[in-house]
Amino acid sequence: MVTRKKSNSKPQQILFVASEVDGLVKTGGLADVAKSLPAALKELGHDVRVVMPLYRKVPNGAEAVELLDTELQVPTQPQAVPYKVKQLQNGDVPVYTVDAPVYFDRPELYAENNEGYRDNGERFAFFSAVALDMCAKLGFKPDVVHCNDWHTGLVPFLLKTRYADDTFYADTKSVITIHNAVFKGTFNYDQYSLIPELIQKRYLQLEDGAANISMLKAGVAFADKVNAVSPNYAKELLTEIGSHGMASDFQHRSGVLYGIVNGCDYGDWSPETDPYIKQRFKANKVSLARGKKACKRDLQQQVNLPLDDVPLYGMVCRLTEQKGIQYLLPALRDFLVNDVQIVLVGSGDPKLADALREISADFSDKFAFIEAYDNPLAHCVEAGSDFFLMPSQFEPCGLNQIYSLAYGTLPIVRGVGGLKDTVIDYDNTPQVATGFIFDAPTPEALLIKMQRSLLLYCQRPQEFKRLQQNAMACRFEWKDAAEQYLRMYSGEEEPVLEKKPFECA
Ligand SMILES: Nc1ncnc2c1ncn2[C@@H]1O[C@H](COP(=O)(O)OP(=O)(O)O[C@H]2O[C@H](CO)[C@@H](O)[C@H](O)[C@H]2O)[C@@H](O)[C@H]1O
């Protein structure tokens, strides 16, 4: 067990810059973090404000309170871009939304029909510039500007260039959190007309191919601190494969590279209070057995599977290579000869969806593929399944395996990134195990663990229940993660290379 020290820091003013925030808009796990981490920091007594774009999809966008009607002046350029800042509340945390219809009043956030908007570089360069431009105008002087992923990577760059001599930002430090380094935000120079500093002087280290600049590289190179969403992913980022080709960028910053595991919002993801599930349950044996049974039946009904008493495997994800569907597809047909059921809820890559649909047609009484982004159903999958599949190719942290633990649904994961930091493998340490881990990136390795899990379920039911209780006893509190972030801001936390291995709490 790791003892978690409290940060000694004074109340901080923190600007949290993110491209999506759960409660307002969400396409993936970044949004969960952008909702929960600011809330946890605020709860610890800090003044946290979030800034995000005002997309068409933001509910109540029209009712937001207008705080600014202004324009972004671009140094040495005649152009100025008008924008407004409108305030919304997400729980207790104020959210500044940047209203610039030319960039953000579109049907989607980043892409339509699986194709990114062509001006995504310019859109998020603008957003990054505005995040800093608006602070002085609002009179909010941040101690820390906390950026997230490539969309916000130019913020640290601008602090060290455009604002280098600006007294307003003299004491401001920047942090960039890496949720997924596969997305580098690489765009041609012609998308950076709002950031002339990038063009006046050539920053070769930020180039990603000829005539292209990567916003993620800019964030990593210029932020005062860099962190990944798990210690294991932070270490993977120092390797060529694990960093998706950015190893030297991260190696240069290894002295200020940190790894902090995401938390779980137990207000949203707890079987004791979840409003979406058929029957709420606790960790004690009777409640767990009854609750699971009712939730499994309900899930089977929702996805049209027979109401059989067989082990049920769930999976909820974006359909991308990252999530390891390429390992799952060949393993599925072999595994489905067993007396089992599988429910997969996912949306994304149409080719992967076609392949999954084909298997569900061949095994319609055992495999349900729901091609959707469906939050209530995601909760029912967590509650009604016995096992949860996350065979990811890579996984910076992963949230669904953490949600699964909370519902006594044993995760079967690949030993990468944060999956390795959050799940304890049955074959290695059966006494404290919470799930199954396989290592080799192959369908065979996955299939072996799925078969192992089936044996456990069918032949050692008491042992299976013990693992469920181990899983439900795990806690990944946002409060603990927020404390770690505060220690990182203040310099009390150790960089990942100096730290002892992470242990699940
Ligand atoms: N079809 C669907 N229907 C309903 N809900 C769905 C869904 N598909 C996904 N979700 C939801 O979206 C979230 C996904 O979070 P993850 O952390 O697993 O992945 P993601 O790859 O988006 O995030 C990236 O950022 C996060 C946050 O740091 C890292 O944990 C992760 O490793 C990294 O890849 C979960 O809340 C999940 O329930």
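Residues numbered from 1 in each chain as written. Predicted model: local features only at pLDDT ≥ 70, side-chain atom pairs only at ≥ 80, totals over all residues. Heavy atoms only, no water.

- Per an unreviewed UniProt entry, the protein chain carries the name Glycogen synthase and comes from Photobacterium pectinilyticum.
- On record in UniProt, under Catalytic activity (unreviewed entry), the comment for the protein chain is "[(1->4)-alpha-D-glucosyl](n) + ADP-alpha-D-glucose = [(1->4)-alpha-D-glucosyl](n+1) + ADP + H(+)".
- Entered under Sequence similarities (unreviewed entry) in the UniProt record, the comment concerning the protein chain runs "Belongs to the glycosyltransferase 1 family. Bacterial/plant glycogen synthase subfamily." (UniProt positions renumbered as here; feature names shortened; annotations may be inferred.)

## Let's talk about the environment of Arg-452
So, step 1. Relative to the elements of secondary structure, Arg-452 occurs in helix 15 (residues 443-459).
So, step 2. Spatially, the C-alpha atom of Arg-452 lies 19 Å from that of Gln-469, the residues being 17 residues apart in sequence.
So, step 3. Once residues lying within four places of it in the same chain are set aside, the contact partners of Arg-452 are Tyr-426, Asp-427 and Phe-436. (Helix = DSSP H or I, 4+ residues; strand = E, 2+ residues; numbered from the N terminus. Contact = heavy atoms within 4.5 Å.)

## Remarks on the side chain of Glu-20
So, step 1. Mapping Glu-20 onto the fold places it in the loop between strand 1 (13-17) and helix 1 (29-43).
So, step 2. Reaching out from Glu-20, the side chain makes a polar contact with the backbone nitrogen of Thr-27 at a distance of 2.5 Å.
So, step 3. Reaching out from Glu-20, the side chain makes a polar contact with the backbone nitrogen of Gly-28 at a distance of 3.1 Å.
So, step 4. If we skip the residues at most four places from it in the chain, Glu-20 touches Val-25, Lys-26, Thr-27, Gly-28, Leu-30, Ala-31, Ala-34, Leu-109 and Tyr-110. (Polar contact = N/O pair within 3.5 Å; in protein donor to acceptor, adjacent residues only side chain to side chain.)

## Looking at the pattern of salt bridges
Opposite charge on two side chains permits them to pair, given that their charged atoms come into close proximity.
So, step 1. Summed over the entire model, instances satisfying the criterion amount to 25 salt bridges.
So, step 2. For the salt bridge of Glu-207 with Arg-202, the shortest nitrogen-to-oxygen distance reads 2.9 Å.
So, step 3. Judged by relative accessible area, Glu-207 falls into the buried class, the value being 14%.
So, step 4. Because the salt bridges share partners, they merge into one network encompassing Asp-425, Asp-427, Lys-449 and Arg-452. (Salt bridge = Lys/Arg side-chain N within 4 Å of Asp/Glu carboxyl O. Buried < 20%, exposed > 50% of the residue type's maximum accessible area, 1.4 Å probe, protein only.)

## What about the UniProt feature "domain: Starch synthase catalytic" (unreviewed entry) in the protein chain?
So, step 1. When the UniProt feature table is mapped to this numbering, "domain: Starch synthase catalytic" (unreviewed entry) covers residues 13-251.
So, step 2. Along residues 13-251, the helical share is 28% and the strand share 27%, with 30 Å between the first and last C-alpha atoms.

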